[in-house]
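What follows is each chain in one-letter form.
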Protein chains: 4
Amino acid sequence: MRNVTLGIIGTGRIGKLHAENILRIPGTRLKIAVDPKVDKAWAENIGLNYAHNTDAIFSDNEIDAVIICSPSGFHIDQIVKAAEAGKHIFCEKPLGFDPRTIAEALRVVEQQGVKLQIGFNRRFDPDLVRLKQAVDSGTIGRSYLISITNLDPAPPPAEYLAASGGIFLDTTVHDFDIVRYLSGSEVEEVYSAGAVLIDPSIGKIGDVDTAMTTLKLENGAMALIHNSRQAVYGFDQRVEVFGSKGSISTENRTQFQTVLKTSQGVVTDKPMDFFLERYKESYKAEIEDFIRVIREDRQAAVTGRDGLIPVLIALAAKQSLKEERPVRVENYSG
Amino acid sequence: MRNVTLGIIGTGRIGKLHAENILRIPGTRLKIAVDPKVDKAWAENIGLNYAHNTDAIFSDNEIDAVIICSPSGFHIDQIVKAAEAGKHIFCEKPLGFDPRTIAEALRVVEQQGVKLQIGFNRRFDPDLVRLKQAVDSGTIGRSYLISITNLDPAPPPAEYLAASGGIFLDTTVHDFDIVRYLSGSEVEEVYSAGAVLIDPSIGKIGDVDTAMTTLKLENGAMALIHNSRQAVYGFDQRVEVFGSKGSISTENRTQFQTVLKTSQGVVTDKPMDFFLERYKESYKAEIEDFIRVIREDRQAAVTGRDGLIPVLIALAAKQSLKEERPVRVENYSG
Amino acid sequence: MRNVTLGIIGTGRIGKLHAENILRIPGTRLKIAVDPKVDKAWAENIGLNYAHNTDAIFSDNEIDAVIICSPSGFHIDQIVKAAEAGKHIFCEKPLGFDPRTIAEALRVVEQQGVKLQIGFNRRFDPDLVRLKQAVDSGTIGRSYLISITNLDPAPPPAEYLAASGGIFLDTTVHDFDIVRYLSGSEVEEVYSAGAVLIDPSIGKIGDVDTAMTTLKLENGAMALIHNSRQAVYGFDQRVEVFGSKGSISTENRTQFQTVLKTSQGVVTDKPMDFFLERYKESYKAEIEDFIRVIREDRQAAVTGRDGLIPVLIALAAKQSLKEERPVRVENYSG
Amino acid sequence: MRNVTLGIIGTGRIGKLHAENILRIPGTRLKIAVDPKVDKAWAENIGLNYAHNTDAIFSDNEIDAVIICSPSGFHIDQIVKAAEAGKHIFCEKPLGFDPRTIAEALRVVEQQGVKLQIGFNRRFDPDLVRLKQAVDSGTIGRSYLISITNLDPAPPPAEYLAASGGIFLDTTVHDFDIVRYLSGSEVEEVYSAGAVLIDPSIGKIGDVDTAMTTLKLENGAMALIHNSRQAVYGFDQRVEVFGSKGSISTENRTQFQTVLKTSQGVVTDKPMDFFLERYKESYKAEIEDFIRVIREDRQAAVTGRDGLIPVLIALAAKQSLKEERPVRVENYSG
C-alpha cells in the first residue's frame, strides 16, 4: 500500500474535519496546513505543521495531493496551481460560479493528468449509497421521479449568505448532484420558484429563502426539490425515488431512539440539526475514497465535470426564478 | 331534529356507498335511487325504491335533497334541474370541465337559494381535519409550503381515463382543493410538467401518467404536488405543511399494524390501496355534514365555488403542461 | 343461505354493540332484546322488540340462537337454559369463576348438541389473525416466546372491579387465551407477581393493579405478560412472538396518522384508549363468524373449553400471586 | 487538566477498542498493553508498547490507572494487585462469579483508596442516559415496571459459553445493572424460568438459551426481562419504563434509515447486530468518564458494589431456575 502525503488549504470548520479524518487513515501523512489565519492551537494539538502561503504545498515535492477547503472564490485558482504542480486535488464544492473559468481549470487538470475529486459528500452518505444500489440493481424498477426535501435548520450568517451565490448555488446544488447521481442522467430543463418567507434580510441581498424546483431529465424521468433556509425541527434531509416496482427513500437521522408516551401523545427525537454531525460518515468516506483513487490510479467518484454541471443547473435555476419560466440547461462545452 | 328525505342519482360504486352511509344517519330517509342501469338486487336488498328517470326525484315534493353521483358529464344539467326543483344538492366532483357552464349553474343554485355541497371528501378525512386545525391554530406558525404526494395504486380502466378530463382534472383537482382548504388562500399561478412513464396508452389519449405541479399562492406561500397513476405499493396519500414553527403531515394508513422482523429486514404493511377503504371515514363524514347543513340552514363546507376554482386551476395546469410555462389562474367571473 | 333469528340477553354497552353489529349482517334477524333494565329508547330507535325476562327468548321457537351479554354471574345459568331450549349460544367472557360449574354447563351444551362460542373477541382482531397466520405458516419458524403488553387506559369503576374476579380473571384472561391461540399449546405452569401501585382502593378489595406473569407451555415455549389497570397514554395492546426465523408483533393502533415536528420533537398520536373502538373490527368479525358457525354447522372458533381453560389459568395465577410460587395449571376434568 | 497515564491488560476485541478510544482522549497517555498473546502488529501500528507480564504495569510508577480486559477469571486477582500498586482501575464485567472473593477485593480497593469503575457500558448509552434523565426528572411520574428485551443476534462460540457462567451471569447481568440504574432501587426477589430452544449444545453444558426473569424491587416497582441467545434479525436491545405519567423506551438502532416500499410491503433496516457497533458510543463515553473520575477525584459512576450486586442477583436467578421458585437476593455483607 502506497503512502500518500497530503497538504490542506483552509482550516475552517470543514478543513479541520477533513484534516482529522485524514489523520485516522492508515498510510497517509498530512504534512502541512495552509491558511492565512491558521488556528495554531488546533494545528499544534494534532501535531500538524502550518504555513500561511499555498507555495508551502505546491513547491513541496513530497506532497502528493492537496485538500482545498478555502473560500469558494479561491477554488479555481488553487486547482490550477495544484494541477500545474502535479498534485492530486480534492476540492470542496462549489468549484465557483463562472462555468467558463471552471471549464478552463478542468482542462488544465486533464492536461496535467492529476486526479480531481469534488466534495459532494452526500454521495457517500450510507443511506444514499444504499438508495443508489437499490436503484441500480432494479429493486424499484424503472425510476419515474426523484423527490428531495433539503431544509437547513436555520439560516447561515449574513456574511456567508452574501458570498454564497444564492440558495441554488449554495444549497440546491447538492440536490442537483444527487439527482444526477441517482438517475445516472443529465438534467435538460429546470423550473424554479421561490419566495422570501423566513428572513427579509435574505430578500435584501436578492436571494430567496424558500424554493421549489422541478427538473426534467434526459432519460424522461423527473425530479422535485424543496429547499428552505429554516426548518425549526432540524436539518430535514429526505430523498425518495419512485419507480415502476416501488419506492425507496432515506429518512432523517436522529440522535436518540427514545420514545416517550404520555397523555399528550407519543414523542420521538427530532432530526439531527448540524450538517457536520448528520453527514459525519460521508465526510470520512469521501476522503477515504479520494486516497483510494490516488492509490488505485482510477477516476474519482465525483469528477470535475460532476462539479461543473450542478453549477450550470443552479445558474439555470437562478435564471428561471428571475424570468419566471422553465430554462434549458446548456451543457457548457465552451 | 328535522327529518331529511333524499333521492340519489347514480348507483355506481360511489352512489352505493353514499346510499349506505345515508341509511345509517338517524332522521334521514333515502326515498329513491335513480339510474338508467340501476342495480335492482342491491336496491331491493337494502329496501330502496328505484327508477330510471330523474323526474322521479325532481317532481317528488317529499324529497328535500338529491345526491348526484352520475357520470360527470351529467352533473351540471342535473344540478340546474335539481335547483329549479328546489332540492338541496350534494354533487360528486368534478362539476364539469367548462367553467362558463359551471358558473351559470352556480348562479341558478344561488338564485334558487338551495344548498350545494361538492364531493371533495378528503377535506373530511380525520387526519386532514387535524392538519387544518393545527394550521389554523398556529401550531406550525406561518405556513410556507404545502407538499402533497397523491399517487394512485394503479391506472383506472381505459374507458374511465378517456372521460376523466386528464390527470389534472381527475386527480390533481383533489390536491388543488386541499391546498385551498389548508392555506385558506387562492392559487395565483400554476406550473405543471408531466410524462408518460407508466402506460403508453395514456399517452395515446393525450394525457400524462406522472406529473409534478408547483403552485404560487396569493398569500405568498407555495405548494408542490406529485401525482402518478401507479404506485405499486398502494394508494400513496401524504400531505405535509411546512411552517415557521414546524411541520405537520399526514402519513399513509395501513390495514395491518403488524411488524415482521427477520434476517431480511423489518417489514410492515403497505398503504391501503383502495380509495373507498382509505377514505371510508371521510365519505361518511361529508354526507353527515351535508345533512347538518340542511338542518342548520348554513353554508356547505365545500361550496359550489369550491367546486369551480379547482377546475380553473386544473385547466391552467393543462395549459401549463402543453405550453411548457407557468400559467396564471384566472378567477372566472364570466 | 339460511336465515338466522337471534335474541340478545343484556343490553349494556357490549350488548348494544353486538345488537347493532347483528343488524348489519344480511340474512339475520334480531328478534328481541331481554334486559330487566332494558334501554327502551335505544331498542325502539333500532326497531327492536324487548322484554324483561329471558323466557321471552328461551320459549320462542323462532329463535335459533342467543347472545348472552348479561353480568358474568348469570352466564352459566343462562347457558344451561339456552342449551336446554335448543338455542345456539354466543356468551361473553368470562364464563364464570368456578371451573366445576362451568364444566357442568359445558356438558349440558354438549349433550344438547348446540353451538357455544365464547366472546374472546381479540382472536378476531385483524392484526392478531395476521400474527396467527404468520406463526402457523412458519414465517418466524419455531416459536420460542410470546410477550404481551396489555394495559388498560384507566381503572374501571369500583363497582365493576369488585365483581371482576380480580385482574387475572378480568384482564389477563384475554392474554391467556391469546397465548393458547397463538401457540396452539396448553399452559403447564404459571407464575404471577403483582403490586398495588396505581390505586390503593384496588388493594383494599384484595386485588393488584400491576401484574407480571410468566407461563411455561406444554410445547416447551414460554410467555411473558405485563398487565396494568392504568396507562395514561392509552390502551396499550401489544403482542410479540419470537421464533427461530424472526419475530412478529402487533403494534398499537392510533386514531390519527399525523406527525407534528417542532423544535420540541416529533409528535404522533397516542394509542386509541377505548376498547370498543380499538377492537371494533374484532367485535364485528366474531359475531359474523358465529352466524357462519350456525349456518355451516361447524365447531365455533372459540369453544366452551376455550372459555374454561383461561379461567383455570387465571385461578392458578391468583394462587401464584398469593403463595408467591409458580403453580401448575390443572386441566379440570372433574 | 491533569495528564493521565494508563496501561491496559488484555488486548482481545474489547481491550483493543478501549485502547483506541483512550488514544483519542486529549491529555491521556496509553503507555503499555500487556497480554501473554499480545497482537504485536496491532500494537505497533498504533505506536503502543507491549509486554507479556502485568508487572510491567503494576511496577511502573508513571502509570496512574489500569484497564483490565483480561478473561473474567483473572479480574479479581488483577484488581487486588492493581489496588495494592496504587493504580486506579477500570475493570470489564463481570468481576467474577464468587461474591465472597469479589467482596474481599472490593475491601482492598477501598483500603487503598483507588478508584474502581466496572465496565457496565450500557449505562453510558445515549438512549439509556436519556431514559434515566426522564425517569429522574419525573417525566413519567412514579415508575411502576421496567421491561427489558435483551436478545443476542447469535450464540457465542462454545468455548466462550463454557466459561461464561451461564446466561444470567453473562447476559442478564447487564439487565440487572440497568434495572438498578434506572430504578435507583435494589432487587429483593428474582424468579427466572428458561429453556433450551435454540441450541442443544447449550443445554449440554447446563445452561439455557432462552430465559424470562421477573424482579421485585425494594421500592415496590417490578421488572420483566426477556433474554435469548439468538434473534436472527439482529441484536434486540429494548428497555421500556412504565410510570404513572407515561412510558419511555429505547428502540433498536439501525445502520440504515432507508425505507423500501413495494407490492410486498414496507421494508426498513433490521437492528444492528454487533454489540461493539451498537454500543460504540457507550464504550467511548465510559472510558472518558473514567478519566474524568480520576481527574476530578470523584466516585465512579459504576462502582465496585455496582459490579458485585448484579452477580448476586444472577446467582439468585440461577438458583431460581434450578429450584423453580422465586429466590430472595441476599445483599452479601460477608
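Residues numbered from 1 in each chain as written. Chains lettered and ligands numbered in written order. Predicted model: local features only at pLDDT ≥ 70, side-chain atom pairs only at ≥ 80, totals over all residues. Heavy atoms only, no water.

(A) Up close: the packing of aromatic side chains. Applying the stated criterion across every chain yields a total of 14 aromatic pairs over all chains. Summarising the aromatic geometry, the rings of Phe235(A) and Tyr279(A) are spaced 6.0 Å apart at their centres and angled 85 degrees between planes, so their arrangement reads as edge-to-face. Here the residue Phe235(A) occupies a position in the loop between strand E10 (222–228) and strand E11 (236–243), and Tyr279(A) occupies one in the loop between helix H10 (275–278) and helix H11 (280–296), the gap between them amounting to 44 residues. The residues Phe235(A) and Tyr279(A) share a single accessibility class, namely buried. Measuring from centroid to centroid gives 5.5 Å for Phe274(D) and Phe275(D), while their planes differ by 70 degrees, and the two rings are edge-to-face. Between the NZ or CZ atom of Arg278(C) and the centre of the ring of Tyr279(C), over which it lies, the distance is 4.5 Å. Over the aromatic face of Tyr181(D) sits the side chain of Lys132(D), whose NZ or CZ is 5.3 Å from the ring centroid. (Phe/Tyr/Trp six-rings, centres within 6.5 Å; stacked < 30°, edge-to-face > 60°. Helix = DSSP H or I, 4+ residues; strand = E, 2+ residues; numbered from the N terminus. Buried < 20%, exposed > 50% of the residue type's maximum accessible area, 1.4 Å probe, protein only. Lys NZ or Arg CZ within 6 Å of the ring centre and 35° of its normal.)

(B) Representation of the interface of chain B and chain C within the structure. Each partner contributes residues to the interface: chain B has 26 residues there, and chain C has 26 residues. Both sides together, the interface formed by chain B and chain C hides about 2,100 Å², and carbon and sulfur atoms give 50% of it. The largest per-residue losses of area from chain B upon contact with chain C belong to Arg130(B), Gln257(B) and Thr258(B), which jointly make up 26% of the total buried on that side. Viewed at the interface, chain C and chain B are joined by 2 salt bridges. Where Glu240(C) meets Lys261(B), a salt bridge forms, and the shortest distance between an N and an O atom there is 3.4 Å. Run the count over chain B and chain C and you get 14 residue pairs in polar contact (both at pLDDT 80 or more). When contributions to the side of chain B that touches chain C are tallied by element, the ones reaching two or more residues are helix H6 (126–136), strand E12 (246–250) and strand E13 (258–262) of chain B. (Contact = heavy atoms within 4.5 Å. Buried area = accessible area lost by both parts, 1.4 Å probe. Salt bridge = Lys/Arg side-chain N within 4 Å of Asp/Glu carboxyl O. Polar contact = N/O pair within 3.5 Å; in protein donor to acceptor, adjacent residues only side chain to side chain.)

(C) Focus on the interface of chain B and chain A. Taken together, the contact between chain B and chain A spans 39 residues of the former and 39 residues of the latter. Of the roughly 3,000 Å² buried at the junction of chain B and chain A (both faces included), carbon and sulfur atoms supply 69%. It is Tyr144(B), Leu197(B) and Met212(B) in chain B that bury the most area against chain A; as a group they hold 22% of the surface buried on that side. At the surface where chain B touches chain A, the tally comes to 4 salt bridges. A salt bridge links Glu324(B) to Lys216(A), with the nearest nitrogen and oxygen atoms 3.9 Å apart.

(D) Structural detail: the sheet that holds strand E1 (residues 4–9) of chain D. All names here are of chain D. With parallel pairing, 6 strands are arranged side by side in an open sheet as E3-E2-E1-E4-E5-E6. Looking at which strands have only one partner, the edges of the open sheet turn out to be strand E3 (49–51) and strand E6 (116–118). In this sheet, neighbouring strand axes are inclined to one another by 20 degrees on average, regardless of whether the strands run parallel or antiparallel. Running over the sheet, helix H4 (residues 75–84) touches E1, strand E4 (65–68), strand E5 (88–91) and E6 and is turned about 165 degrees from E5. (Pairing = 2+ DSSP bridges. Axes fitted to C-alpha atoms, helices over the stretch in contact; angles between N-to-C directions.)

(E) Up close: the environment of Ala231(C). On the secondary structure map, Ala231(C) appears in the loop between strand E10 (222–228) and strand E11 (236–243). Given the relative accessible area of 3%, Ala231(C) is considered buried.

(F) Structural detail: unusual backbone geometry. All names here are of chain A. With an omega of -10 degrees, the peptide bond running from Lys 93 to Pro 94 counts as cis. One can find Pro 94 in the loop between strand E5 (88–91) and helix H5 (99–112). The backbone phi angle of Asp 297 is positive, close to 50 degrees, even though this residue is not glycine. Turning to its location among the elements, Asp 297 is positioned in the loop between H11 and helix H12 (304–323).

(G) Main features of the pattern of salt bridges. Within the structure shown, the criterion is met by 115 salt bridges over all chains. The closest approach of N and O atoms between Asp64(C) and Arg2(C), which form a salt bridge, is 3.4 Å. Here Arg2(C) lies in the segment before strand E1 (4–9) and Asp64(C) lies in the loop between helix H3 (55–58) and strand E4 (65–68), a separation of 62 residues in the sequence. In this structure, the salt-bridge partner of Glu186(C) is Arg305(C), at a minimum N-O distance of 3.4 Å. Taken as a pair, Glu186(C) in the loop between helix H8 (167–183) and strand E8 (187–195) and Arg305(C) in helix H12 (residues 304–323) lie far apart in primary sequence, 119 residues in all. Classification of Glu186(C) by relative accessible area gives buried; the value is 13%. On the accessibility criterion, Arg305(C) (43% relative accessible area) is partly exposed. Through salt bridges with shared partners, a single ionic network connects Arg123(A), Asp177(A), Arg180(A), Glu186(A), Arg305(A) and Asp306(A).

(H) Structural context of H12(A). All names here are of chain A. The terminal C-alpha atoms of H12 lie 29 Å apart, and with 20 residues this matches the ideal 28 Å at 1.5 Å per residue to within 8%. Backbone nitrogen of Arg 305 and a side-chain oxygen of the N-cap are separated by 3.3 Å at the start of H12; the cap is Thr 303. A positive backbone phi angle near 55 degrees is found at Glu 324, which sits one or two residues after H12. (Expected span 1.5 Å × (residues − 1).)

(I) Fine view of the domain arrangement of chain A. Residues and elements named next belong to chain A. Taken domain by domain, chain A consists of domain 1 (4–114) and domain 2 (123–274 + 310–328). Computed over C-alpha atoms, the centres of domain 1 and domain 2 are 28 Å apart. Listed per partner, the contact involves 6 residues of domain 1 and 11 residues of domain 2. Across the domain 1/domain 2 interface, buried area totals approximately 630 Å², and carbon plus sulfur atoms make up 72% of it. (Domains from an automatic or database assignment.)

(J) Representation of the sheet that holds strand E2 (residues 28–34) of chain A. Residues and elements named next belong to chain A. The strand order across the open sheet formed by 6 strands is E3-E2-E1-E4-E5-E6, and the pairing between neighbours is parallel. Since the sheet does not close on itself, it has two edges, and those belong to strand E3 (49–51) and strand E6 (116–118), each with one partner. Neighbouring strand axes in the sheet, compared pairwise and without regard to direction, differ in orientation by 20 degrees on average. With 4 bridges connecting them, strand E4 (residues 65–68) and E5 associate as parallel partners. Among the inter-strand pairings, Ala 65 is bridged to a residue of E5, identified as His 88. Contacts from helix H4 (residues 75–84) reach strand E1 (4–9), E4, E5 and E6 within the one sheet, and its direction differs from that of E5 by about 165 degrees.

(K) Spotlight on the environment of Glu286(C). Residues and elements named next belong to chain C. If you trace the backbone, Glu 286 turns up in helix H11 (residues 280–296). Separated by 66 residues in sequence, Glu 286 and Gly 220 have C-alpha atoms that sit 30 Å apart. Excluding its chain neighbours within four sequence positions, the residues that come into contact with Glu 286 are His 18, Phe 90, Glu 92, Gln 117, Gly 119, Phe 120, Asn 121 and Phe 124.

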